[in-house]
Number of protein chains: 2
Amino acid sequence: MAGKNESVREPGRFAYDGLERLFHERARLSILSSLAAHADGLLFNDLKSLCSLTDGNLSRQLSTLQEGGLVEVWKGFKKNRPQTLCRLTPQGRVRFLEYVNELEHVVADAVKSKPHAESRAVRGRAATA
Amino acid sequence: MAGKNESVREPGRFAYDGLERLFHERARLSILSSLAAHADGLLFNDLKSLCSLTDGNLSRQLSTLQEGGLVEVWKGFKKNRPQTLCRLTPQGRVRFLEYVNELEHVVADAVKSKPHAESRAVRGRAATA
């Protein structure tokens, strides 16, 4: 395989420093992906359902993401009922895309490592590479 | 955006159940990616360097991956010095590719969510989609 010995010698080649824990933890990754796909934001209950999280876990993770400046949380009313609206901050959107870039490197490395793709998605990706 | 309301109604749409912690934890993801890229296996010290891990952390993570049946660890000698060889098991390779498939979904969701790609890798991917 070309470049194999070269990659062995490159310290940190597979360290993936861009996979910050703030983004990489699965529950938070779910939340960020959901919000990235819904630019206007999502109500707390819709977000909870999309991510299959409990109330407590979602609240906790949202606090962490707010502290990190990635997410904003708004309290308000809709149809006379109190609601919570969550959405990405502009900075959160940019930083999430940077994180996703690093994920792309992981995927690309895995695709390179497997000439005979065994799985559907990897095969599809290899075909376009 | 097409399909926006549809996705809101689909519970668990962004739960990414396939992102098992065994694979997703960053140090283990580094190890698995390194080993996937080196089919013959890697010596402990080369793996340590590629992943930018300490001896202790690499040992601990390798034990976890061994218990999960993903990695095998061999003790032996090379140039009269004791060495440790690490490599993926066949099952480890298949399951790692399944995990990478799920990562691809995360990346694809992020790409869909951003018509005007802000980052290089995401833009590259969008162009081939």
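Residues numbered from 1 in each chain as written. Chains lettered and ligands numbered in written order. Predicted model: local features only at pLDDT ≥ 70, side-chain atom pairs only at ≥ 80, totals over all residues. Heavy atoms only, no water.

**Details of the overall build of chain A**
Line of reasoning, step 1. Each helix and strand counted, chain A has seven helices and three strands in total.
Line of reasoning, step 2. Once local pairs closer than 6 in sequence are excluded, the contacts in chain A between residues at least 24 apart make up 54%.
Line of reasoning, step 3. Of the roughly 6,800 Å² of accessible surface on chain A, a fraction of 49% belongs to carbon and sulfur atoms. (Helix = DSSP H or I, 4+ residues; strand = E, 2+ residues; numbered from the N terminus. Contact = heavy atoms within 4.5 Å. Areas by Shrake-Rupley, 256 points an atom, 1.4 Å probe, with all protein chains shown as cover.)

**A short note on the environment of B:R13**
Residues and elements named next belong to chain B.
Line of reasoning, step 1. In this structure, R13 sits in the loop between α1 (4-8) and α2 (21-24).
Line of reasoning, step 2. For R13, a relative accessible area of 22% puts it in the partly exposed group.
Line of reasoning, step 3. The spatial distance from the C-alpha of R13 to the C-alpha of Q66 is 31 Å, given a sequence separation of 53 residues. (Buried < 20%, exposed > 50% of the residue type's maximum accessible area, 1.4 Å probe, protein only.)

**What to know about the sheet that holds strand β2 (residues 71-78) of chain B**
Residue and element names in this part refer to chain B.
Line of reasoning, step 1. Strand order in the open sheet formed by three strands is β1-β3-β2, and the pairing between neighbours is antiparallel. Edge positions in the open sheet fall to β1 (42-43) and β2, since each of these has one partner strand only.
Line of reasoning, step 2. Across eight bridges, β2 lies against strand β3 (residues 81-88) in antiparallel orientation. Residue pairing in the sheet places G76 in a bridge with Q83 of β3. (Pairing = 2+ DSSP bridges.)

**As for the packing of aromatic side chains**
Line of reasoning, step 1. Within this structure, the stated rule accounts for six aromatic pairs over all chains.
Line of reasoning, step 2. Between the aromatic rings of A:F96 and A:Y99, the centroid separation amounts to 6.3 Å while the plane-to-plane angle is 20°, which identifies the pairing as stacked. In this pair, A:F96 and A:Y99 are both assigned in helix α6 (residues 90-112), three residues apart and thus about one turn of the helix distant. We note that A:F96, like A:Y99, is buried.
Line of reasoning, step 3. For the ring pair B:F23 and B:Y99, a centre distance of 5.6 Å and an interplane angle of 15° mean the geometry is stacked. Taken together, the residues span a long stretch of sequence, with B:F23 in helix α2 and B:Y99 in helix α6 (residues 90-112) at a distance of 76 residues.
Line of reasoning, step 4. We classify B:F23 as buried; its relative accessible area is 1%. (Phe/Tyr/Trp six-rings, centres within 6.5 Å; stacked < 30°, edge-to-face > 60°.)

**Notes on the environment of A:Q61**
All names here are of chain A.
Line of reasoning, step 1. With respect to the helices and strands, the residue Q61 is situated in helix α5 (residues 55-67).
Line of reasoning, step 2. Here Q61 falls in the buried class, since its relative accessible area comes to 9%.
Line of reasoning, step 3. Once the C-alpha coordinates of Q61 and A27 are considered, the two residues, 34 residues apart in sequence, prove to be 7.4 Å apart.

**Focus on the confidence of the model for chain A**
Line of reasoning, step 1. Mean pLDDT over chain A: 86, with 81% of residues reaching 70 or higher.
Line of reasoning, step 2. Quick note on the complex model: pTM equals 0.79, ipTM equals 0.76. (pLDDT = per-residue confidence, 0-100.)

**Describing the side chain of B:T84**
All names here are of chain B.
Line of reasoning, step 1. With respect to the helices and strands, the residue T84 is situated in strand β3.
Line of reasoning, step 2. Using a relative accessible area of 13% as the deciding quantity, one classes T84 as buried.
Line of reasoning, step 3. Within polar-contact distance, the side chain of T84 engages the side chain of K75 at 3.2 Å.
Line of reasoning, step 4. Sequence-distant contacts of T84, defined by excluding residues within four places in its chain, comprise L42, L43, F44, V73, W74 and K75. (Polar contact = N/O pair within 3.5 Å; in protein donor to acceptor, adjacent residues only side chain to side chain.)

**Some points on the pairing of strand β3 (residues 81-88) of chain A**
Residue and element names in this part refer to chain A.
Line of reasoning, step 1. Sheet topology note: the strand β1 (residues 42-43)/β3 ladder contains two bridges and is antiparallel. In the sheet register, L43 faces β3, and the bridge partner there is L85.
Line of reasoning, step 2. The loop that links strand β2 (residues 71-78) with its antiparallel partner β3 comprises two residues; one of these, K79, has a positive phi angle of about 50°.

**Structural notes on the sheet that holds β2(A)**
Residue and element names in this part refer to chain A.
Line of reasoning, step 1. Read from one edge to the other, the open sheet built from three strands follows the order β1-β3-β2, with strand pairing classed as antiparallel. Where the open sheet ends on each side, the last strands, each with one partner, are β1 and β2.
Line of reasoning, step 2. Those strands touched by helix α3 (residues 26-36) are β1, β2 and β3, and its axis lies near 90° from that of β3. (Axes fitted to C-alpha atoms, helices over the stretch in contact; angles between N-to-C directions.)

**So, the pattern of salt bridges**
Line of reasoning, step 1. The full count for this structure, using the stated rule, is 10 salt bridges over all chains.
Line of reasoning, step 2. A:K112 is the salt-bridge partner of A:D109, the closest N and O atoms lying 3.5 Å from each other. In this pair, A:D109 and A:K112 are both assigned in helix α6, three residues apart and thus about one turn of the helix distant.
Line of reasoning, step 3. For A:D109, a relative accessible area of 6% puts it in the buried group.
Line of reasoning, step 4. With a closest N to O distance of 2.6 Å, B:D55 and B:K48 form a salt bridge.
Line of reasoning, step 5. For B:D55, a relative accessible area of 41% corresponds to the partly exposed category. (Salt bridge = Lys/Arg side-chain N within 4 Å of Asp/Glu carboxyl O.)

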